[in-house]
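# Topology and contacts: notes
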Amino acid sequence: MPTLFIDGQWIRAAAGGTREIRCPADQSFVAIVDEAGAIDTVAAIDAARRAFDTGDWPATPFTARAALLHRVADQIEASSVEISRAESLDTGKRLVESEYDVVDVARCFRYFAGLSASGGRVVDTGNPGAISRVVQEPVGVCGLITPWNYPLLQASWKVAPALAAGNTFVLKPSELTPSTSIILMRILQECGLPAGVGNLVLGAGATAGAPLAEHPNIDLVSFTGGLVTGRRVMAAAAATVKKVALELGGKNPNIVFADADRAAALDNALTAVFLHSGQVCSAGARLIIEESIRDEFVDDLVRRANRIVLGGPFDPLAQAGTLISRAHRDKVDAYVEAGIAEGAVLRCGGRAPDDLGLDAGWFYRPTVLDRCHSSMGCVQDESFGPVLTVETFRGEDEAVAIANDTIYGLAGAIWTSDASRAQRVAGRLRLGTVWINDYHPYLPQAEWGGFKQSGVGRELGPTGLGEYVELKHIYQNVNPAPSGWFATDETGGD
Ligand code: TXE
């Protein structure tokens with residue numbers, strides 16, 4: 001079956017290219033999908049442009065758009081088994097994690113279905129003869145570029161608000177994980193999305209993705225992925241001054257004070273960094289711990305990390321899965337090697353597992369690098385793997401200074417039993433999300449995004465919808481009259 005969806009049709013790539021998808025946990029065959037080139041992406045942009053400029057969708061009443069989003073959420077829930085399985089096969093993540101993701105995807109569509117984008121406000125003109133309104137309108141054609149770690153979830157964070165606000169879009173998921181985006185487009189089609197409103201292109205970033213940042217007919221590009229690619233997307237978008245939203249990951253601090261609930265802090269320090277093998281933009285990859293408790297805490301953490309069971313997506317005993325690709329595992333390994341060369345002490349992991357049955361996958365043992373400090377590359381750079389660096393502090397000021405000493409600013413946590421300290425420190429951290437005595441929860445109602453080089457703009461929440469909205473000021477003089485600013489024929493001039 002063709003897998004590009006352009007102008008309401010499932011089609012093959014113009015040049016006939018295809019790509020084979022294999023499960024990173026064992027290299028088993030998953031699918032062959034079409035590989036778009038720039039020509040296909042431009043065709044998709046043209047379709048989205050026509051649907052926006054001449055179609056009904058942007059002016060469709062919000063209630064009708066919301067009803068469609070609810071139908072999509074229903075269908076996602078009804079297809080949960082198929083979607084979770086497809087997500088796990090593409091990413092290698094454990095099935096239970098994919099199942100959680102599908103619940104969140106449906107929730108995201110419902111949230112944006114309930115958030116009206118058709119509002120506006122009346123402005124006091126100070127003139128009884130004039131009416132002034134600021135109204136919200138869709139931005140236009142949106143280029144949506146997503147990564148491989150949470151393929152459908154990240155697509156839903158963009159597709160749902162884009163549609164809620166009345167935009168049309170071209171979605172380009174990661175070339176490594178296309179399957180659930182294909183299912184999403186099928187569901188959108190079944191739920192009655194008009195032709196051209198939603199389009200899907202699959203393929204490599206440099207060919208299929210780049211036109212979404214460069215093309216003058218794209219009004220907004222929303223990108224989630226790596227920092228280097230994000231900078232490239234932003235630079236390309238500058239040529240046509242399009243709106244840009246970027247979510248670029250982080251190097252997130254997890255600060256543990258000596259007065260924290262030790263058992264909870266320890267358990268969550270493991271989840272913070274090793275969930276999905278660290279391939280999470282908000283992973284708590286920097287443990288910043290009060291010096292007085294460091295030895296015992298880190299010893300316990302290493303003991304627990306050593307016991308984490310790795311396995312494939314359908315292994316019921318597995319607690320963590322594989323990395324996405326050989327290239328990514330090589331990158332993580334090189335990062336650990338560089339950390340050791342810089343003086344970090346390897347406490348556990350630092351290698352692929354020896355377990356029989358895992359040798360065909362790109363697994364990497366949970367790794368702890370001890371005795372780190374913030375001037376080290378392994379603390380500053382995102383590994384995006386199961387690697388924790390450990391730094392210590394004495395006192396609140398030093399904890400804050402160390403945590404903020406990074407180019408990133410996505411998320412992080414504070415563990416303490418002192419509520420006023422928790423609030424004080426939360427206020428001083430330059431992060432888009434701060435958790436207190438918890439790690440990882442997010443809500444579709446609350447904005448998600450980063451300070452500093454973690455990104456531009458926000459996803460989720462009312463501000464997440466706002467990225468997909470343009471504001472227009474409409475001023476009407478209900479009693480038109482000459483302004484008298486310039487001389488009239490009667491009053492002067494040559
Ligand atoms: O992501 P890329 P990669 C981080 C993580 C990881 C690193 C690189 O540190 O190791 O990024 O990962 C598309 N124009 N994150 O190389 O390249 C690409 O096809 C337009 C953090 O896999 O950023 C894919 O769809 N698009 C992150 C998407 O960009 C382009 C999640 C992301 O790929 C493009 C993933 C171009 N020139 C990795 N080049 C997070 N924030 O959650 C590539 N793409």
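Shown above is the structure to which this text applies.
Residues numbered from 1 in each chain as written. Predicted model: local features only at pLDDT ≥ 70, side-chain atom pairs only at ≥ 80, totals over all residues. Heavy atoms only, no water.

## Description of the overall build of the protein
Worth spelling out the cut-off: Helix numbers and strand numbers start at the N terminus; a helix is a DSSP run of H or I with at least 4 residues, a strand a run of E with at least 2. C-alpha atoms define the radius of gyration in this analysis, and the globule rule sets the expected value at 2.2 Å times the number of residues to the power 0.38. When accessible area is computed with a 1.4 Å probe and restricted to protein chains, residues below 20% of their type maximum are described as buried, those above 50% as exposed, and intermediate ones as partly exposed.
If you tally the helices and strands in the protein, you get 15 helices and 20 strands. Taking 2.2 N^0.38 as the reference for a compact globule, 494 residues should give roughly 23 Å; the C-alpha atoms of the protein span a radius of gyration of 25 Å, in line with that estimate. Oriented by its inertia axes, the alpha-carbon framework of the protein measures out at about 90 × 55 × 40 Å. Each of the 494 residues in the protein was classed as buried or not, and the buried ones make up 56%.

## Side note on the site of the ligand
We count it as follows: In this text, near means that some heavy atom of the residue lies within 4 Å of the molecule or strand in question. Identification of polar contacts relies on pairs of N or O atoms within 3.5 Å, with a donor-acceptor requirement for protein atoms, meaning one able to donate a hydrogen and the other able to accept it, and with residues adjacent in sequence counted only if both atoms are side-chain atoms. The accessible surface values rely on the Shrake-Rupley method and a 1.4 Å probe; as for residues, cover is taken only from the protein chains in view.
The ligand sits among 28 residues. The nearest are Trp 148, Lys 172, Glu 175, Gly 226 and Lys 331. At 2.6 Å from an oxygen atom of the ligand is found a side-chain nitrogen or oxygen belonging to Trp 148. Between the ligand and Glu 247, the relevant distance is 3.5 Å, taken from a nitrogen atom to a main-chain nitrogen or oxygen of the residue. Starting from 820 Å² of accessible surface for the ligand in isolation, the protein chains cover 85%.

## Some details on the sheet that holds strand S15 (residues 367–370)
Counted only if it meets this: We call two strands paired when DSSP finds no fewer than two bridges between them. In this analysis, axes come from line fits to C-alpha atoms, helices being fitted only over the stretch in contact, and the angle between any two N-to-C directions falls in the range 0 to 180 degrees. By the convention used here, residues are in contact when the closest approach between their heavy atoms is within 4.5 Å.
The 7 strands are arranged S14-S15-S16-S13-S12-S17-S18 in an open sheet whose pairing can be described as mixed. Two strands bound the open sheet, and with one partner strand each, they are strand S14 (345–348) and strand S18 (433–436). On average, adjacent strands in this sheet sit at an angle of 25 degrees to one another, irrespective of strand direction. Where helix H13 (residues 396–404) meets the sheet, its contacts fall on strand S12 (253–256), strand S13 (286–290) and strand S16 (387–393), and the angle it forms with S16 comes to roughly 145 degrees.

## Considerations on the layout of surface pockets
Basically, it comes down to this: Every definition here rests on a 1 Å grid over the protein atoms only: cavities are sets of points where a 1.4 Å probe fits but cannot get out, pockets are open sets enclosed by protein on both sides within 12 Å along at least five of seven lines, and lining residues have some atom within 4 Å of a point. Grid points are joined across faces, edges and corners, and a volume is the space filled by probe spheres set on the points. Note on residue categories: nonpolar means Ala, Val, Leu, Ile, Met, Phe, Trp, Tyr, Cys or Pro, charged means Asp, Glu, Lys or Arg, and polar means any other residue, Gly included.
Computed from the structure, the largest pocket encloses a volume of approximately 1,000 Å³. Looking at the largest pocket, it is lined by 39 residues, and the ones nearest its centre are Trp 148, Phe 223, Gly 225, Gly 226 and Thr 229. The set of elements that each furnish at least two residues to the lining of the largest pocket consists of helix H7 (205–214), strand S10 (220–224), helix H8 (227–238) and helix H11 (326–341). Its residues assigned to classes, the lining of the largest pocket comprises 18 nonpolar, 13 polar and 8 charged. There is about 570 Å³ of room inside the second largest pocket. Considering the residues around the second largest pocket, the lining is formed by 27 residues, among which Asp 104, Tyr 150, Leu 275, His 440 and Tyr 442 are closest to the centre.

## A few points about the sheet that holds strand S20 (residues 469–477)
Reading across the sheet, the 3 strands line up as S5-S6-S20 and stay open at both edges, with antiparallel pairing between neighbours. Of all strands in the sheet, those bounded by a partner on one side alone are strand S5 (120–123) and S20. Direction aside, neighbouring strands of the sheet carry axes that sit 20 degrees apart on average.

## Remarks on the nonpolar core
Cut-off, in case you're wondering: Side-chain atoms within 4.5 Å link the members of a nonpolar core, which is a set of buried Ala, Val, Leu, Ile, Met, Phe, Trp, Tyr and Cys residues.
Ile 76, Phe 109 and Leu 188 are the most contacted members of the largest nonpolar core, which totals 122 residues. With 9 residues, the single largest contributor to this core is helix H5 (residues 151–164). Sequence-distant contacts of Ile 76, that is, excluding residues within four places in its chain, are made with Ile 83, Val 102, Val 105, Ala 106, Phe 109, Leu 184 and Ile 187.

## Examining the environment of Gly 55
Checked against the element boundaries, Gly 55 lands in the loop between helix H1 (38–54) and helix H2 (62–78). Of the residues examined, Gly 55 reaches a relative accessible area of 32% and is grouped as partly exposed. Placed 140 residues apart in sequence, Gly 55 and Ala 195 show a C-alpha to C-alpha distance of 9.0 Å.

## What about helix H3 (residues 80–91)?
Convention followed: The span one expects for a helix is its residue count, reduced by one, times 1.5 Å.
Its 12 residues place the ends of H3 16 Å apart at the C-alpha level, agreeing with the 16 Å of an ideal helix rising 1.5 Å per residue. As for H3, its buried residues are in contact with strand S3 (18–22), strand S4 (29–34), H2, helix H4 (95–113), H5 and helix H6 (179–190). Positive backbone phi, at 80 degrees, marks Gly 92, one or two positions downstream of H3.

## Some points on unusual backbone geometry
Look at Ser 277: it is not a glycine, yet its phi comes out positive at around 50 degrees. Relative to the helices and strands, Ser 277 is located in the loop between helix H9 (262–274) and S13. Relative accessible area serves as the criterion here: at 2%, Ser 277 is assigned to the buried category. Of note, the phi angle at Leu 460 is positive, near 65 degrees, even though the residue is not glycine. The buried category is assigned to Leu 460, whose relative accessible area is 1%.

## A look at the pattern of salt bridges
Side-chain pairs of opposite charge can arise where the charged atoms are in close proximity. Keep this limit in mind: Note on definitions: salt bridges are taken to be side-chain nitrogens of Lys or Arg within 4 Å of carboxyl oxygens of Asp or Glu.
Applying the stated criterion to the full structure yields 28 salt bridges. The shortest N-O distance in the salt bridge between Asp 300 and Arg 303 comes to 2.8 Å. Of this pair, Asp 300 and Arg 303 both sit in helix H10 (residues 294–306), 3 residues apart, which is roughly one turn of the helix. Overall, Arg 303 belongs to the partly exposed group, its relative accessible area being 48%. Residues joined by salt bridges that share partners form a network here, namely Arg 294, Asp 295, Asp 299, Arg 347 and Asp 370.

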